[in-house]
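# Chains, contacts and geometry: an overview
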Amino acid sequence: MKTLEIEKIGVQELIGDYASLAKTMSSLAWHDINSAPWQAEFPYIPCVQFQVAYTDQAILLHYSVQEEYVKGQYIRPNENVWEDSCVEFFISFDNRETYYNVEFNVLGVGLVGYGTSVKSDRNRLSAEEILQINAFSSVQTIDGKKSWQQILQIPFSVFKVNAEDLKGKQAHANFYKCGDALPNPHFIAWNDIDNPTPNFHLPQFFGEVSFK
């Protein structure tokens, strides 16, 4: 099981552009999302990394993606963003009993669910709650190679926790990249998953994260 420490940083909660936030996070370590549990069936692996930190108000997630196709079709909260170029963050604050799945496409459109790993027990957050998450995206095509970056500001209020309660505590999480409806579908993870078919909703395979 992988582990990582989430550093606390001081940052103004509303910074109006991707470049300013990326600069604020520039000293943080990068982590690879490169485990491909289903590579035999889905051999394509994009190059994906992330940084993560937290402030008094929010978790900050910074993704960097290089992939052959970039697709952003869905435009409303809770639509099928996993079919687009999509990054995902799943986190459990209660030892994997329940967890949140936070999924955003390249356009900054989100889907957030909560519950146990039993699909019928899970619920989607409302559009109003999801729109509390700020998304800052940047997309490039250079010499025919496509890349994109995204920073998410996820308020702790979305998770119904606060930063002070998390300081010094552990949680369980995994970080993903997918694109179910891309020309070359892929399903890759930070912490490896042992399952015969693609499924990110397996909290027993979350890694351990600690809030410094």
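Residues numbered from 1 in each chain as written. Predicted model: local features only at pLDDT ≥ 70, side-chain atom pairs only at ≥ 80, totals over all residues. Heavy atoms only, no water.

### Things to note about the overall build of the protein chain
When helices and strands are tallied, the protein chain shows four helices and 13 strands. Computed over C-alpha atoms, the radius of gyration of the protein chain comes to 16 Å, within 12% of the 17 Å expected from 2.2 N^0.38 for 212 residues, which places it in the range of a compact globule. Each of the three principal axes of the protein chain carries a C-alpha extent, and together these read 45 × 40 × 30 Å. With 212 residues in all, the protein chain has 49% of them scored as buried. Taking the contacts inside the protein chain whose residues are at least 6 apart along the sequence as the reference set, 62% of them involve residues at least 24 apart. Counting every atom, the protein chain has about 9,900 Å² of accessible surface; 47% of that belongs to carbon and sulfur. The average position of the 16 basic charges and that of the 26 acidic charges among the side chains of the protein chain differ by 2 Å. (Helix = DSSP H or I, 4+ residues; strand = E, 2+ residues; numbered from the N terminus. Rg over C-alpha atoms; globule rule 2.2 N^0.38 Å. Buried < 20%, exposed > 50% of the residue type's maximum accessible area, 1.4 Å probe, protein only. Contact = heavy atoms within 4.5 Å. Areas by Shrake-Rupley, 256 points an atom, 1.4 Å probe, with all protein chains shown as cover. Lys, Arg positive; Asp, Glu negative; His and termini not counted. Charge placed at Lys NZ, Arg CZ, Asp CG, Glu CD.)

### As for the pairing of strand S10 (residues 145-155)
Burial analysis of S10 places nine of its 11 residues in the buried class, the great majority of the element. Of the pairings in the sheet, the one linking strand S4 (residues 58-66) to S10 comprises nine bridges and is antiparallel in character. By the bridge assignment, leucine 61 is partnered in S10 with leucine 152. Between the antiparallel neighbours strand S9 (residues 134-142) and S10 lie two residues, among them aspartate 143 with a positive phi of about 55°. (Pairing = 2+ DSSP bridges.)

### Focus on the pairing of S4
With seven of its nine residues buried, S4 lies for the most part within the structure. Two elements, strand S3 (residues 47-54) and S4, share eight bridges in a ladder whose sense is antiparallel. In the strand pairing of S4, valine 52 is matched with leucine 61. Taking the residues that link successive antiparallel strands as the turn, the S3-S4 hairpin has three residues.

### Some thoughts on the environment of proline 43
Within the secondary structure, proline 43 sits in the loop between strand S2 (31-32) and S3. Overall, the relative accessible area of 57% leaves proline 43 in the exposed class. Along the chain, proline 43 and proline 185 lie 142 residues apart, while their C-alpha atoms are 8.7 Å from each other.

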